[in-house]
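# Topology and contacts: notes
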Amino acid sequence: MPETTSDAAREPVREPRQRRLVDLAPLRASPAFARLWFGGAIAGIGAQMSIVAVGLQIYDITESTFMVGLVGGAALLPMIAAGLWGGMLADVFDRRKILIVSSLVGWLSTLGLVALSTWDAVLISNGERVEAWPFLVITTVNAVAATISSATRSALIGRILPHDMISRAAALNGIAFGLTLTIGPALAGILAATVGLPWTFAVDAVLFAAGFLGVWMLPALPRIGEPVRAGWAVMREGFSFLKRAPNIRMSFIVDIVAMTFGRPYVLFPALGATVIGGGALTVGALTAAGAIGTILTSLFSGPVARVHRHGIAIARSITMFGLFGLAFGVIVAAVGVSDFTAAPGWSGIHWAALIALGLTLAGMGASDEVSAIFRQTMLIQAVPDQMRGRLQGVFIVVVTGGPRIGDMYAGVLATAVALWFPPLLGGIAIVALIAILTRVHRARSGQTFRDYDALNPVP
């Protein structure tokens with residue numbers, strides 16, 4: 001039976017047998033984890049469909065890349081509050097109950113998108129359109145619910161799995177995430193171009209049931225140790241721990257750098273309409289390309305359990321992420337100065353450019369997944385269970401809030417300069433900042449972030 005105390009996080013890492021392909025042992029070791037994993041993968045496909053569909057819907061209404069970027073920006077502050085507060089709740093109450101409530105709120109917000117998109121389709125026949133701001137409001141509610149769910153889900157993994165399987169579970173989660181990013185956006189592009197956006201949102205609402213089943217069948221996961229009262233005192237305790245955890249803190253910082261300067265996704269609708277061609281088809285293909293890299297990395301993740309120098313692995317993978325982003329900007333700039341004329345549909349696509357951009361995005365997805373595996377493993381192994389909800393709350397704020405800052409960064413610079421400028425400048429910034437931060441930062445022991453060793457997981 002998996003450990004349920006924080007002492008399990010301190011166990012030495014047991015060396016698994018050598019293998020190249022992903023290790024399925026976590027699915028066999030914990031039926032609860034298996035149900036959560038399969039259900040989350042299916043529901044995640046629908047969630048990614050809605051993310052792409054919202055961008056397409058707002059661009060169709062406003063024809064503004066800035067407004068597409070505002071989808072993420074508008075949700076940023078509520079998500080920060082939800083991540084911090086939700087993580088605190090996960091450390092105080094039964095994590096299963098928190099996950100059930102937040103999941104239901106997310107489902108209701110998806111039904112709201114179905115209704116709003118359907119109403120827009122009705123108005124189009126009369127020559128009118130729905131305002132964009134209701135989509136921003138509903139998307140923000142959805143993002144808040146997803147933030148609380150993600151923080152709680154991540155915090156409970158250490159309770160339902162043996163701790164020497166955490167890195168392998170993180171790799172499996174990478175496969176699920178990659179599948180959602182591959183299948184979801186591709187389906188969104190196809191459905192949006194064929195049956196329309198309302199049906200795209202509706203499919204997400206249906207797929208929710210699979211994820212909710214895995215959540216409902218979790219065992220009770222109450223707080224370990226003495227009961228505490230939810231409130232600011234518990235929140236402050238979490239921040240106090242983070243202040244004394246330089247390695248965990250730096251893992252957050254480097255991810256913020258990567259997501260702020262390396263997020264070209266908000267540019268996809270404009271690229272599909274004006275540079276590469278293909279419209280919604282190109283948006284779906286480009287979004288899926290990054291997920292292919294994530295899946296391939298996770299499929300060949302067998303060696304991750306033998307890597308213990310996690311700081312070096314994270315620094316190198318994020319540097320590669322920045323280099324691929326820089327290449328993305330160069331390719332877009334090259335196509336922009338060519339005489340190609342973009343057009344809707346398959347025949348209007350610049351195929352050479354689409355393939356080249358897809359390869360850079362696959363590289364970004366692969367390198368980001370390597371970083372994610374080791375950052376998540378570090379966060380579970382080096383943090384006691386009583387603190388994991390609050391630290392996972394901060395982590396989720398970083399991994400979901402950072403991309404929204406990145407969406408605003410890309411949207412503003414693309415509008416002010418050109419579509420190629422944000423990824424090119426961002427790639428340079430990532431490489432430079434990671435080289436400086438991971439070498440300059442030192443813990444009280446005098447060690448840098450690059451010295452972090454999973455054989456002695458010090459937060």
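For the structure given in this document, a descriptive report is provided here.

Calculation criteria
- Residues numbered from 1 in each chain as written.
- Predicted model: local features only at pLDDT ≥ 70, side-chain atom pairs only at ≥ 80, totals over all residues.
- Heavy atoms only, no water.
- Helix = DSSP H or I, 4+ residues; strand = E, 2+ residues; numbered from the N terminus.
- Buried < 20%, exposed > 50% of the residue type's maximum accessible area, 1.4 Å probe, protein only.
- Contact = heavy atoms within 4.5 Å.
- Areas by Shrake-Rupley, 256 points an atom, 1.4 Å probe, with all protein chains shown as cover.
- Lys, Arg positive; Asp, Glu negative; His and termini not counted.
- Charge placed at Lys NZ, Arg CZ, Asp CG, Glu CD.
- Patch = residues over 30% accessible without salt bridge, like charges linked within 9 Å, V, L, I, M, F, W, Y side chains within 5 Å.
- Salt bridge = Lys/Arg side-chain N within 4 Å of Asp/Glu carboxyl O.
- Phe/Tyr/Trp six-rings, centres within 6.5 Å; stacked < 30°, edge-to-face > 60°.
- Axes fitted to C-alpha atoms, helices over the stretch in contact; angles between N-to-C directions.
- Parallel < 35°, antiparallel > 145°, perpendicular 65-115°, else oblique.
- Left-handed = near helix turned anticlockwise from the far one by under 90°.
- Nonpolar A, V, L, I, M, F, W, Y, C, P; charged D, E, K, R; others polar.

Here the focus is the overall build of the chain. Within the chain one finds 15 helices and zero strands. Seen through its C-alpha atoms, the chain measures out along the principal axes to roughly 60 × 40 × 40 Å. Here the chain holds 459 residues, and 59% of them are scored as buried. For the chain, the proportion of contacts with a sequence separation of at least 24, taken over those separated by at least 6, is 88%. Total accessible area on the chain stands at roughly 18700 Å², and carbon and sulfur atoms take up 69% of it. Counting 32 positive and 24 negative side-chain charges, the chain places the averaged centre of each group 9 Å from the other.

Once that is clear, we can look at a nonpolar patch on the surface. There is a patch of nonpolar side chains on the surface, built from Leu21, Ile292, Leu296, Leu299 and Phe300 and spanning about 460 Å² of accessible area. Topologically, Phe300 is positioned in the loop between helix H11 (280-299) and helix H12 (310-336). Judged by relative accessible area, Phe300 falls into the exposed class, the value being 52%.

Moving on: the pattern of salt bridges. When the charged atoms of two side chains lie near each other, side chains of opposite charge can form a pair. Inspection of every chain in the model, using the stated rule, returns seven salt bridges. Here Arg129 ties to Asp60 by a salt bridge, and the two come within 2.8 Å at their closest N and O atoms. With Arg129 in the loop between helix H4 (95-124) and helix H5 (133-160) and Asp60 in helix H2 (residues 31-62), this pair connects stretches of sequence that are 69 residues apart. For Asp60, a relative accessible area of 41% corresponds to the partly exposed category. The salt bridge involving Arg390 is made with Asp91; its shortest N-O contact spans 2.7 Å. Linking Arg390 in helix H14 (residues 385-416) with Asp91 in helix H3 (residues 65-92), this pair joins segments that are 299 residues apart in sequence. With respect to burial, Arg390 and Asp91 carry one shared label: buried.

Let us look at the packing of aromatic side chains. The geometry of an aromatic ring pair is captured by the separation of the ring centres together with the interplanar angle, meaning the angle of the planes. In total, this model carries eleven aromatic pairs according to the counting rule given. Here Phe252 and Phe395 contribute two aromatic rings whose centre-to-centre distance is 6.1 Å and whose plane-to-plane angle is 50°, an arrangement assigned as tilted. Here Phe252 is found in helix H9 (residues 246-261), whereas its partner Phe395 is found in helix H14, with 143 residues between them in sequence. Given the relative accessible area of 5%, Phe252 is considered buried. By way of ring pairs, the aromatic residues Trp107, Phe208, Phe212 and Trp216 are connected into one cluster.

In this section: the packing of H11 against helix H13 (residues 351-381). Following both chains from N to C, one finds H11 and H13 inclined at 40°, their axes separated by 7 Å at the closest point. Considered as vectors, H11 and H13 are oriented oblique to each other. In this structure, H11 meets H13 at a crossing whose hand is right-handed. On H13, the residues touching Thr282, Leu286, Ala289, Gly290, Gly293, Thr294, Thr297 and Ser298 of H11 are Leu354, Leu357, Gly358, Leu361, Ala362, Gly365, Ala366, Glu369 and Val370. When the residues that make up the contact of H11 with H13 are grouped by side-chain class, the tally is eight nonpolar, eight polar and one charged.

This part takes up the packing of helix H10 (residues 268-275) against H11. The interhelical angle for the contact between H10 and H11, taken along N-to-C directions, is 130°, at an axis separation of 8 Å. Of the possible angle classes, the one that applies to H10 and H11 is oblique. Here H10 and H11 pass one another in a crossing that is right-handed. Taken together, the residues of H11 that come into contact with H10 (itself represented by Phe268, Pro269, Leu271 and Gly272) are Thr282, Val283, Leu286 and Thr287. When its residues are assigned to classes, the contact of H10 with H11 shows five nonpolar, three polar and no charged.

Next up on the list: H10. Burial analysis of H10 places six of its eight residues in the buried class, the great majority of the element. Burial in H10 covers these residues: Phe268, Pro269, Ala270, Leu271, Gly272 and Val275. Gly277 sits one or two positions beyond H10 and adopts a positive phi of about 85°.

Our next topic: the environment of Ala414. For Ala414, the location among the structural elements is in helix H14. When the C-alpha positions of Ala414 and Val266 are compared, they lie 9.6 Å apart, and in sequence the two are 148 residues distant. Contacts of Ala414, omitting those with residues within four sequence positions, involve Leu267, Leu419 and Pro422.

This part covers the environment of Pro269. Turning to its location among the elements, Pro269 is positioned in helix H10. Judged by its relative accessible area of 10%, Pro269 is buried. Each C-alpha atom of the pair Pro269 and Leu56 lies 6.8 Å from the other, and the pair is 213 residues apart in sequence.

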